[in-house]
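# Coordinate inspection notes
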Amino acid sequence: MNLLRKLDENFEPALIIASVSLIVILIFTNVILRLFDTTLPWAGELSRYLFVWMVYLGISYGVKKKRHLRVSVLFDVLPRKASLVAQIFSDLLFLAYSFVVLYYGYVIAAKAISRDQIAPAMEVSVGFLYAALVIGSLLSIIRLLMSINEHCGNWNASEEVQ
């Protein structure tokens, strides 16, 4: 259980930090290598892949930390129960969007894999790039369900207080 808690807290941040660090190292190395008229041909491609993964992991991390842009002034001025309804509705809309991204991400990744599309410099499947949509949206769905569950728990807690 303690391992799951640590994984829940640190999964996305660890991968995001590792991705940013690796991107910086790769790009810096390529800039330095240009001084010697050479480059790592796969560094730019790997940096782009890492960036896409970082973005989709960042989306789920933003959901977890409730850091996505939304009109929170509406939640602040509404009565507690109305605010909870608005937050649940907002999460449900985001959840629907995440399911759409999951579906189409899966379709695109499956097509890339079935067609044996290979990235030119790294010679890996392009499906790995598109898998970021699938993994990121799955994590977002999990985080959104956790958020909705938390809001429902707050609903019950607000009834007990009254």
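Everything that follows concerns the structure shown earlier in this document.
All of the points below concern the structure found in this document. Because the structure is a prediction, the values reported are computed rather than measured.

By secondary structure assignment, the location of Ser-140 is in helix α5 (residues 127-161). The class for Ser-140 is buried, based on a relative accessible area of 2%. The residues touching Ser-140, leaving out its near neighbours within four places in the chain, are Ile-59, Ser-60, Val-63 and Ser-98.

Our focus in this paragraph is helix α2 (residues 43-64). Between its first and last C-alpha, α2 extends 31 Å over 22 residues, near the 32 Å set by a 1.5 Å rise per residue. When we look at burial in α2, the residues that qualify are Ala-43, Glu-45, Ser-47, Tyr-49, Leu-50, Trp-53, Met-54, Leu-57, Ser-60, Gly-62, Val-63 and Lys-64.

Another point: the nonpolar core. Counting residues in each nonpolar core, the largest one holds seven residues, listed as Val-63, Leu-95, Leu-102, Val-134, Ile-141, Leu-144 and Ile-148. Contributing elements (two or more residues each) for this core: α4 (80-114) and α5. With four residues, α5 is the single largest residue contributor to this core. If we ignore the near neighbours within four places in the chain, the residues touching Leu-95 are Ile-141, Leu-144, Leu-145 and Ile-148. Counting residues in each nonpolar core, the second largest holds five residues, with Tyr-49, Ala-112, Ala-119 and Val-126 among its members.

As a further point, take the side chain of Glu-12. Here Glu-12 lies in helix α1 (residues 2-34). Since its relative accessible area comes to 0%, Glu-12 is described here as buried. Side-chain polar atoms of Glu-12 contact the side chain of Arg-143, separated by 2.8 Å. Once residues lying within four places of it in the same chain are set aside, the contact partners of Glu-12 are Leu-57, Ser-60, Tyr-61, Leu-139 and Arg-143.

You can see Leu-26 is positioned in helix α1. In this structure, the C-alpha to C-alpha distance between Leu-26 and Ala-43, residues 17 residues apart in sequence, is 5.7 Å. Ignoring any residue separated from it by four or fewer positions in sequence, one finds Leu-26 in contact with Trp-42, Ala-43, Leu-46, Ser-47 and Leu-50.

Its 35 residues give α4 an end-to-end C-alpha distance of 50 Å, which sits within 8% of 51 Å, the value for a rise of 1.5 Å per residue. Directly after α4, the chain includes Asp-116, whose backbone phi takes a positive value near 55 degrees.

About the thresholds
Residues numbered from 1 in each chain as written. Predicted model: local features only at pLDDT ≥ 70, side-chain atom pairs only at ≥ 80, totals over all residues. Heavy atoms only, no water. Helix = DSSP H or I, 4+ residues; strand = E, 2+ residues; numbered from the N terminus. Buried < 20%, exposed > 50% of the residue type's maximum accessible area, 1.4 Å probe, protein only. Contact = heavy atoms within 4.5 Å. Expected span 1.5 Å × (residues − 1). Core = buried A, V, L, I, M, F, W, Y, C linked by side-chain atoms within 4.5 Å. Polar contact = N/O pair within 3.5 Å; in protein donor to acceptor, adjacent residues only side chain to side chain.

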